[in-house]
Amino acid sequence: MKPSSSKRMAFAAIAILVMAATSHSFAQTPRQITLEEAVELSLKNSKQLKLSQSNVDMAGLNIRQIKDNQLPSFGVSASYLRLNTPNINLKSGGESSGDSSGMSSLHVNQVMYGMASASVPLFSGFRYKYSLESARFLQEASRLDAEGDRQAIIQNAIMAYGNLYKAKRSVDLVAENLVREHERVTEFTNREKNGIIARNDLLKATLQESNVQLALMEAENDLKITTINMNLLLGLPEGTAIMADSSSFEVTKEAGNAMDWEQTALTHRKDMAAIAIRQKAAGSNIRVAKADFYPNVSLSGGYVALSIPGFVTVPNAFNAGIGVSYNLASLWKTGAKIEEAKTRLYQMKTNEEILLDRIHLEINTAYYNYVLSKKKIEVYEKAVEQASENYRITKNKYDNSLVTTTELLDADVAQVQSKINYAAAKADAIVAYKKLEQTAGVIN
């Protein structure tokens, strides 16, 4: 076998061993997931989204409680009382006060009675109407909050997916570089033995290999942590190897205009819509507070059965009527409640102004970050071409003893770093655009 063939086989074996070692922890039947699948799984398994939905359910239960308060109320009670033997002296106008012979035969020692009562509210100063209106507004606001949380979860999943792609790409590029560095060390070792290069050059190459090994260890550690985070977000078993689809980061969209994005945010942001709904609820609460100025009217009815053995029995005492109640103290106590409700409405309007300022800042920040990320792709793309060409030229010069080993190693490092930066820039651009969409309230 020729020496050159032996070297090529040795290099190939080393490459296989290095790649196997770098992917040992997360290459067991890796599961490739697209960006759309990652978003879908994150929404399906999000604990935050389940909590947000429970808030919507709680608001619905509040509506139900208000409606239940308008239903008829019905109560039943009964008692049995055991008494001693009392002295009973009934007096009437036609009898002498000292004559009690007619009562001497009465022996009352027990009392039994039962009662049933029902009432239906007819009018409560419009409290029911506006309380129900306010509760429905708050339920809608909770639903909008949940939708806003859903968009945040989508953005979080996209960011985690981008981090996974960048971490895996870094591992691959550094692993390739390590194979190349090992080949160089082997080559320099042979040259140093033959006296072609100085031992100092071999030491530089060996040190470079050690640095790349450390960089690979850090890249693998980042990939492990990123994978754990991704599994938690997607609800996958711990230790599941995930592979991001690189095609998800190939297409970038036009940035558009910052003013247009801001107008989109004003009409699509869920928190903007929620705060407007809460203002309506605060307005309804003012009317609820004013309801104390009105009387309460209710329809009532009841039944009483009474039995005192040996004395009296009332088997069917029915009653029905309309009751009106009014608390005069509400004339001077309700004012503070109304002012409190008005203050809450004022706070809502002030919060809306604060939110408008925050939206303006968030939109412009997201917009210019995306513009910058697109420019970075162009710059890093050229940097990859320049670094690759620089390495090729430096390698040729080194083979002709025109440059030092240090210059060759620096050119190699610059080439690898430019590729890592380019891969990261493409992922960051997609994440930045999705962040812009989330800030505008249109991410999907």
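Residues numbered from 1 in each chain as written. Predicted model: local features only at pLDDT ≥ 70, side-chain atom pairs only at ≥ 80, totals over all residues. Heavy atoms only, no water.

**Description of the overall build of the chain**
Next, step 1: Looking only at helices and strands, one finds nine helices and six strands in the chain.
Next, step 2: When the 444 residues of the chain are sorted by exposure, 34% land in the buried category.
Next, step 3: Looking at the chain alone, contacts between residues at least 24 apart form 85% of all its contacts between residues at least 6 apart.
Next, step 4: Here the chain displays about 26100 Å² of accessible surface, and carbon together with sulfur accounts for 56% of that area. (Helix = DSSP H or I, 4+ residues; strand = E, 2+ residues; numbered from the N terminus. Buried < 20%, exposed > 50% of the residue type's maximum accessible area, 1.4 Å probe, protein only. Contact = heavy atoms within 4.5 Å. Areas by Shrake-Rupley, 256 points an atom, 1.4 Å probe, with all protein chains shown as cover.)

**Considering the confidence of the model for the chain**
Segments scoring low in pLDDT should not have their predicted coordinates read at a detailed level.
Next, step 1: Averaged over every residue, the pLDDT of the chain is 86; residues scoring 70 or more account for 89%.
Next, step 2: Confidence over residues 1-27 falls short of pLDDT 50; this stretch has 22 contacts with residues more than four positions distant or in other chains. (pLDDT = per-residue confidence, 0-100.)

**Observations concerning the packing of aromatic side chains**
Next, step 1: Taken as a whole and assessed by the stated rule, the structure comprises 10 aromatic pairs.
Next, step 2: Seen in terms of ring centroids, tyrosine 165 and phenylalanine 249 are 4.7 Å apart; in terms of plane orientation they differ by 25°. Their pairing is stacked. Of this pair, tyrosine 165 sits in helix α4 (residues 127-193) while phenylalanine 249 is found in the loop between β4 (242-244) and α6 (258-268), placing the two residues 84 residues apart along the sequence.
Next, step 3: Phenylalanine 249 gets classed as buried once you look at its relative accessible area, which sits at 1%.
Next, step 4: Arranged with centres 4.8 Å apart and planes meeting at 45°, the rings of tyrosine 303 and phenylalanine 318 form a pair that is tilted. Here the residue tyrosine 303 occupies a position in strand β5 (residues 296-308), and phenylalanine 318 occupies one in strand β6 (residues 312-325), the gap between them amounting to 15 residues.
Next, step 5: In this structure tyrosine 303 comes out as partly exposed when scored by relative accessible area, which is 28%.
Next, step 6: The class for phenylalanine 318 is exposed, based on a relative accessible area of 65%.
Next, step 7: Grouping aromatic residues by their ring pairs yields a cluster made of Phe123, Phe126 and Tyr294. (Phe/Tyr/Trp six-rings, centres within 6.5 Å; stacked < 30°, edge-to-face > 60°.)

**With respect to the nonpolar core**
Next, step 1: By size, the foremost hydrophobic cluster in this structure holds 37 residues, and its most contacted members are Ile33, Ile158, Tyr161, Met230, Leu234 and Ile242.
Next, step 2: For this core, the secondary-structure elements that each account for two or more residues are α2 (35-45), α4, α5 (199-234), β4 and α9 (405-440).
Next, step 3: Counting residues per element, this core draws most heavily on α4, at 13 residues.
Next, step 4: Trp261, Ile359, Ile363 and Ala432 belong to the second largest nonpolar core, which has 16 residues in total. (Core = buried A, V, L, I, M, F, W, Y, C linked by side-chain atoms within 4.5 Å.)

**Here we look at the pattern of salt bridges**
Next, step 1: A full pass over the atoms with the stated rule returns 19 salt bridges.
Next, step 2: The residue glutamate 140 makes a salt bridge to arginine 143 at a minimum N-O spacing of 2.6 Å. With glutamate 140 and arginine 143 both in helix α4, this residue pair falls three residues apart, about one helical turn.
Next, step 3: Under the relative-accessibility criterion, glutamate 140 is labelled partly exposed at 28%. (Salt bridge = Lys/Arg side-chain N within 4 Å of Asp/Glu carboxyl O.)

**Digging into the packing of helix α7 (residues 270-290) against helix α8 (residues 330-399)**
Next, step 1: For the pair α7 and α8, interaxial distance at closest approach is 8 Å and the crossing angle is 170°. By the angle between their axes, α7 is roughly antiparallel relative to α8. (Axes fitted to C-alpha atoms, helices over the stretch in contact; angles between N-to-C directions. Parallel < 35°, antiparallel > 145°, perpendicular 65-115°, else oblique.)

**Brief notes about the environment of glycine 114**
Next, step 1: One can find glycine 114 in strand β3 (residues 110-123).
Next, step 2: Beyond its immediate sequence surroundings of up to four residues, glycine 114 is in contact with Ser77, Ala78, Tyr303, Val304 and Ala305.

**Focus on the sheet that holds β5**
Next, step 1: One open sheet holds the four strands; their spatial order is β2-β3-β5-β6, and the pairing between them is antiparallel. The strands lining the two open edges of the sheet, one partner per strand, are β2 (73-82) and β6. Shown here is a sheet whose adjacent strand axes are inclined to one another by a mean of 15°, direction ignored.
Next, step 2: Pairing analysis gives 11 bridges linking β3 to β5, with the strands arranged antiparallel. Across the sheet, residue methionine 115 finds its bridge partner in β5, namely valine 304. (Pairing = 2+ DSSP bridges.)

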